[in-house]
2 protein chains.
Amino acid sequence: MKEKILNTSTELFGKRGFQETSIQDIVSSNQLTKGTFYYYFKNKEDVLVHIHEQFIDSLLAQQNEIMAEGRTAHDQLRSMVRMLIGNIRTNANSAMVFFREMRHLSQAKTDDILPKRHLFQRNIASVIEQGIQLGEFRSDLRADMLSFAVLGIANWSYFWYEPDGEVGEEELTTIFMEMIFKGIEEENHDN
Amino acid sequence: MKEKILNTSTELFGKRGFQETSIQDIVSSNQLTKGTFYYYFKNKEDVLVHIHEQFIDSLLAQQNEIMAEGRTAHDQLRSMVRMLIGNIRTNANSAMVFFREMRHLSQAKTDDILPKRHLFQRNIASVIEQGIQLGEFRSDLRADMLSFAVLGIANWSYFWYEPDGEVGEEELTTIFMEMIFKGIEEENHDN
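Residues numbered from 1 in each chain as written. Chains lettered and ligands numbered in written order. Predicted model: local features only at pLDDT ≥ 70, side-chain atom pairs only at ≥ 80, totals over all residues. Heavy atoms only, no water.

**Thoughts on the overall build of chain A**
The condition that has to hold: Only DSSP runs of H or I reaching four residues or more are called helices, and only runs of E reaching two or more are called strands; each is numbered from the N terminus. The buried label goes to any residue with under 20% of its type's maximum accessible area, the exposed label to any with over 50%, and the partly exposed label to all in between, with areas taken from a 1.4 Å probe on protein chains only. For this analysis, residues touch if any pair of their heavy atoms sits within 4.5 Å. Charged residues are defined narrowly, with Lys and Arg counted positive, Asp and Glu counted negative, and His plus the chain ends left uncounted. Charged side chains are reduced to one point each, which is NZ for Lys, CZ for Arg, CG for Asp and CD for Glu.
Within chain A one finds eight helices and zero strands. For chain A, the N- to C-terminal ordering of α and β elements is α-α-α-α-α-α-α-α. Along the first, second and third principal axes, the C-alpha set of chain A runs to 65 × 35 × 30 Å. Of all 191 residues assigned to chain A, the portion counted as buried reaches 52%. A sequence separation of at least 24 residues applies to 69% of the contacts in chain A between residues at least 6 apart. Of the side chains in chain A, 20 bear a positive and 29 a negative charge, and the two mean positions are spaced by 9 Å.

**Digging into the UniProt feature "DNA-binding region" (unreviewed entry) in chain A**
Which entries qualify depends on this criterion: UniProt positions are given in the numbering used here, feature names are shortened, and annotations may be inferred rather than shown by experiment.
With numbering matched to this structure, UniProt assigns "DNA-binding region" (unreviewed entry) to residues 22-41 of chain A. Within residues 22-41 of chain A, the helical portion is 70% and the strand portion 0%, while the C-alpha atoms at the span's ends are 14 Å from each other.

**Focus on the environment of A:Leu59**
Within the fold, A:Leu59 resides in helix α4 (residues 44-68). When its relative accessible area of 6% is taken as the criterion, A:Leu59 is described as buried.

**Let's talk about the nonpolar core**
Put simply, the rule reads: Only buried Ala, Val, Leu, Ile, Met, Phe, Trp, Tyr and Cys residues count toward a nonpolar core, and they belong to the same one when joined by side-chain atoms within 4.5 Å.
In terms of nonpolar packing, the biggest core is built from 128 residues, with A:Leu77 and B:Leu77 touching the most fellow members. In this view, B:Leu77 contacts A:Ile184, B:Ile124, B:Val127, B:Ile128, B:Phe137, B:Val150, B:Met177 and B:Phe181; residues no more than four positions away in its chain are not counted.

**So, the packing of aromatic side chains**
Threshold: For Phe, Tyr and Trp, where Trp contributes only its six-membered ring, two rings pair if their centres lie within 6.5 Å, and the inter-plane angle classes them as stacked under 30 degrees, edge-to-face over 60, or tilted in between. We count a charge as sitting over a ring when the NZ of a lysine or the CZ of an arginine lies within 6 Å of the ring centre and within 35 degrees of the ring normal.
Under the definition given, this model contains 26 aromatic pairs over all chains. With a centroid separation of 5.0 Å and an interplanar angle of 90°, the aromatic rings of A:Tyr39 and A:Tyr40 are classed as edge-to-face. What links up through ring pairs into an aromatic cluster is the set A:Phe55, A:Phe98, A:Phe99, A:Trp156, A:Tyr158, A:Phe159, B:Phe55, B:Phe98, B:Phe99, B:Trp156, B:Tyr158 and B:Phe159. Stacked on the ring of A:Phe18, the Lys or Arg A:Lys44 has its end atom at 4.3 Å from the ring centre.

**Digging into the UniProt feature "domain: HTH tetR-type" (unreviewed entry) in chain A**
Under the UniProt annotation, the feature "domain: HTH tetR-type" (unreviewed entry) is placed at residues 1-59 of chain A. Structurally, residues 1-59 of chain A comprises 76% helix and 0% strand, and the distance from its first C-alpha atom to its last is 23 Å.

**Regarding the interface of chain A and chain B**
Which entries qualify depends on this criterion: Here the quantity called buried area is the total loss of accessible area, with a 1.4 Å probe, experienced by two parts when brought into contact, counted for both. Every case where a carboxyl oxygen of Asp or Glu lies within 4 Å of a side-chain nitrogen of Lys or Arg is listed as a salt bridge. For this analysis, a polar contact is any N or O atom pair within 3.5 Å, provided that within protein one partner can donate a hydrogen and the other can accept it, and provided that sequence-adjacent residues contribute only side-chain to side-chain pairs.
Across the contact, 46 residues belong to chain A and 46 residues belong to chain B. Taken together, the two surfaces of chain A and chain B that pack against each other cover about 4,700 Å², and 63% of this comes from carbon and sulfur. Summed over the three residues of chain A that lose the most area to chain B, namely A:Arg138, A:Trp156 and A:Ile184, the buried surface amounts to 17% of that side. Between A:Glu20 and B:Arg103 there is a salt bridge, with its nearest N and O atoms 3.6 Å apart. The interface formed by chain A and chain B includes 24 residue pairs in polar contact (both at pLDDT 80 or more). Elements with a minimum of two residues in the side of chain A that touches chain B: α5 (73-100), α7 (143-160) and α8 (169-182) of chain A.

Right under this line is the structure:
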């Protein structure tokens, strides 16, 4: 039941916005009583906190799995971008809520979640750093700034990418990683 | 006066959110009467429409200037990313409102603004396409998908970049463009 309320709320917050959705809307969509809602959640913010935590915890768990497999930095980075793009199909509304509704969390809750967001970014930076150490990647570009570039490419996809459109997830990942790894310049072209 | 109301509203919408800001808040911040507000704007959405239009019109104007200068695709692309990053310092709140509050526009207004957002992206794709035609860029990657990658890198910066931090706008642009043009792989590294 808790899961069902979370799923409906994610959809409502994602489509209409957090502020625009009432507990009554959530309750009506699930054909519940308010009593049942309050059995599982303290208030509407409590639901938002759960959505944020589930989303970032799931990303971190997937990221940890990728890092634990001990492959090259190159392969780890590709898998992380592939994972983020794959999540669009399955978690588009959670992502919308995550990117857009953070400011509706109280300071205390933001203080819980923000370090996890930062950890996700720092893990990407660590993989790049590791690739630099091992001679896979160039050493003249800051790993932290590159991690934001990679994250920007992947996260921005949530705002425009249609998984059922002309370009599939695998092809999109390949185009992005070709750019990230090798760049778009024609080799030997003089600029 | 209209400009002043727009500036205050941009700040309030950017910091608190559109939904959370009342006309009374806007009026109080400017020490105006509601009468004055309604002389310039029909309602709160009308203010939001103006902010969206100003923001995208200004980006398009700057982009057109860059394209009109007839430089290489390489230089045009760099200038566009530099321009977007430079706008963070001057227009952070407008950007926040632009990225986050679009759903509060009525359908009619969204229909006005969305084509301009698309045009901005398509112009980037055209510059990349032009670079491919002229042999500056590789021809094996889709220009449209690359334009979303470039836009993602630049637009994501609005969510994390501190212009007064350790890395200045010029340096950040250089790191991003090095990655976009040449990639992060160590040359001759075998993956």
